[in-house]
Amino acid sequence: MGGSAPLTSLTASGNTIGLKAVHTTTGVQAYTGTTTLNGAYLSSGNTFKVTGATLLGGATTVDTTNAAGTATGADITFTSTIDNGQTLGLTAGTVGAIALQGAVGTTPLTSLTASGNTISLLSVKTTAAQSYTGTTSTTLNGNLTSTARGSLGVTGAALLVGEVVVATNGSV
């Protein structure tokens, strides 16, 4: 969707939503319901939000900078859990915030990379690397676990809210 000509926006609401790549929108992408993501989701400086549980059907990227075409980016929000053994990459630009409001990786993700102005997350479990780059800050509020040899990295100021445990067989 939105491959040759960008969609203005895309909103979907239902019990279950299955999507395979929304290449570009010039406006908001918002999904309400248990949502399966698979592929690349690009927005030209507008928000991306999933309200409800998220399942990764394959390697997934969410980029509100339109692949650096809109450097400021916009907010990326997941209001519930994110699961399945896939990679997840999140890019919110120089002013966008990333909010992961539910546990990530009850079924561990392969890896998670997040970059934005601010990042806020609860517990995250992966089998490989976790990387967080918060220009202003990264707020950690739960356990960060890599079950294999994945590294855990935070670039920028880290704010700890409550008890935070970091566990990995790789580097920190």
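Residues numbered from 1 in each chain as written. Predicted model: local features only at pLDDT ≥ 70, side-chain atom pairs only at ≥ 80, totals over all residues. Heavy atoms only, no water.

1. Let's talk about the environment of L152
For the record, the criterion: Strands here mean DSSP runs of E at least two residues long; helices mean DSSP runs of H or I at least four residues long; both are numbered from the N terminus. Buried, partly exposed and exposed residues are distinguished by accessible area as a fraction of the type maximum, computed with a 1.4 Å probe on protein chains only: under 20%, between the cut-offs, and over 50%, respectively.
Within the fold, L152 resides in strand β15 (residues 152–155). Note on L152: relative accessible area 7%, which makes it buried. Note: C-alpha distance between L152 and Q101 (51 residues apart in sequence) is 19 Å.

2. Quick look at the side chain of D83
Short version of the rule: Charge convention: Lys and Arg are scored as positive, Asp and Glu as negative, and His as well as the terminal groups of each chain are ignored. When a carboxyl oxygen of Asp or Glu is within 4 Å of a side-chain nitrogen of Lys or Arg, the pair counts as a salt bridge. Contacts are assigned to residue pairs that have any heavy atoms within 4.5 Å of one another.
Among the structural elements, D83 can be located in strand β7 (residues 82–83). Comment: no salt bridge for buried D83; closest opposite-charge side chain is K125, at 9.7 Å. Setting aside its immediate chain neighbours within four residues, D83 contacts T54, L55, L56, G105, T106, T107 and L109.

3. Thoughts on unusual backbone geometry
The backbone phi angle of N66 is positive, close to 55°, even though this residue is not glycine. By the element assignment, N66 lies in the loop between β5 (54–63) and β6 (76–78). Residue N66 is classed as partly exposed on the basis of its relative accessible area of 23%. The phi dihedral of N84 is positive, around 100°, even though this residue is not glycine.

4. A word on the packing of aromatic side chains
Short version of the rule: The criterion for an aromatic pair is that two Phe, Tyr or Trp rings (for Trp, the six-membered ring) have centres within 6.5 Å, with stacked assigned to planes under 30 degrees apart, edge-to-face to planes over 60 apart and tilted to the rest.
Inspection of every chain in the model, using the stated rule, returns three aromatic pairs. Joined through ring pairs, the aromatic side chains of Y31, Y41, F48 and F78 make up one cluster.

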